[in-house]
Amino acid sequence: MQAGVGPSDLDLFEVHDAFSILAAMSLEACGFAERGKATVLAREGAFALHGRTPTPKRGYGVPICTMGGLKARGHPIGASGVYQVVEVVQQLRGEAGANQIEAHLGMAQSLGGTGATAITHILEG
């Protein structure tokens, strides 16, 4: 990664989950899951709120969408990227309430169009 961190360094990932397939594809493209294994890891709980389970052969589990993600917010289209960054910042500041995890480094990735554009931010608390 250009930021000098990899999947195992991150404490949470605010993935663009407007459509389930986009979340799986992003997890795989960003190195959190081996190609074709994101859904398998998800079923095993690797991406749950407290489900970080490194499995080096298949990828690295990491909490994703800790407050429900874009679908839980009605996918606010133009505000999606802002919402994602706000969620990461809330986690890093310890302001996530019942969904709080221990987080020092988080990633937000917003996709535009049909996935043709990807904007990724790495935030440190």
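Residues numbered from 1 in each chain as written. Predicted model: local features only at pLDDT ≥ 70, side-chain atom pairs only at ≥ 80, totals over all residues. Heavy atoms only, no water.

Peer 1: Teacher, can you tell me more about the overall build of the protein chain here?
Peer 2: Summing up its helical and strand segments, the protein chain has four helices and five strands in all. Taken over C-alpha atoms, the radius of gyration comes to 13 Å for the protein chain, in line with the 14 Å a tight globule of 125 residues would show. Seen through its C-alpha atoms, the protein chain measures out along the principal axes to roughly 35 × 35 × 30 Å. Here the protein chain, with 125 residues, has 42% of them falling under the buried criterion. Taking as baseline every contact in the protein chain between residues at least 6 positions apart, the subset at least 24 positions apart corresponds to 52%. Approximately 6,600 Å² of the protein chain is accessible, and the part contributed by carbon and sulfur atoms is 55%. (Helix = DSSP H or I, 4+ residues; strand = E, 2+ residues; numbered from the N terminus. Rg over C-alpha atoms; globule rule 2.2 N^0.38 Å. Buried < 20%, exposed > 50% of the residue type's maximum accessible area, 1.4 Å probe, protein only. Contact = heavy atoms within 4.5 Å. Areas by Shrake-Rupley, 256 points an atom, 1.4 Å probe, with all protein chains shown as cover.)

Peer 1: Whenever I open this one, the nonpolar core confuses me. Can you help?
Peer 2: Side chains that are nonpolar tend, in soluble globular proteins, to be buried together. If you look at the biggest cluster of nonpolar residues, it comprises 19 residues, and the most contacted ones within it are Phe13, Leu27, Phe32, Phe47 and Ile64. Of all the elements in the fold, those that place two or more residues in this core are α1 (20-29), α2 (38-43) and β4 (105-112). Tallying contributions element by element places α1 first for this core, with three residues. Among all residues touching Phe47, those that are not within four sequence positions of it are Leu27, Phe32, Ala33, Ala38, Leu41, Ala42, Tyr60, Gly61, Val62, Pro63 and Ile64. Leu12, Val88, Ile101 and Ala108 belong to the second largest nonpolar core, which has six residues in total. (Core = buried A, V, L, I, M, F, W, Y, C linked by side-chain atoms within 4.5 Å.)

Peer 1: Please clarify how the packing of aromatic side chains should be interpreted in this entry.
Peer 2: For any pair of aromatic rings, the description consists of the separation of the ring centres together with the inter-plane angle of the planes. Per the counting criterion, the structure on display carries one aromatic pair. Ring geometry for Phe13 and Phe32: centres 5.1 Å apart, planes at 25°, overall stacked. Of the two residues, Phe13 sits in strand β1 (residues 12-14) while Phe32 sits in the loop between α1 and α2, which places them 19 residues apart along the sequence. Looking at Phe13, the relative accessible area reads 0%, which means it is buried. (Phe/Tyr/Trp six-rings, centres within 6.5 Å; stacked < 30°, edge-to-face > 60°.)

Peer 1: Would you mind showing me how to read the side chain of Gln109 here?
Peer 2: Among the structural elements, Gln109 can be located in strand β4. You can call Gln109 buried: its relative accessible area is 7%. A distance of 3.1 Å separates polar atoms of two side chains, one belonging to Gln109 and the other to Ser26. Here Thr120 takes part through its side chain, which lies 3.0 Å from a polar atom of the side chain of Gln109. Among residues more than four places away in sequence, those in contact with Gln109 are Phe13, Glu14, Val15, His16, Ser26, Cys30, Gln84, Ala118, Ile119 and Thr120. (Polar contact = N/O pair within 3.5 Å; in protein donor to acceptor, adjacent residues only side chain to side chain.)

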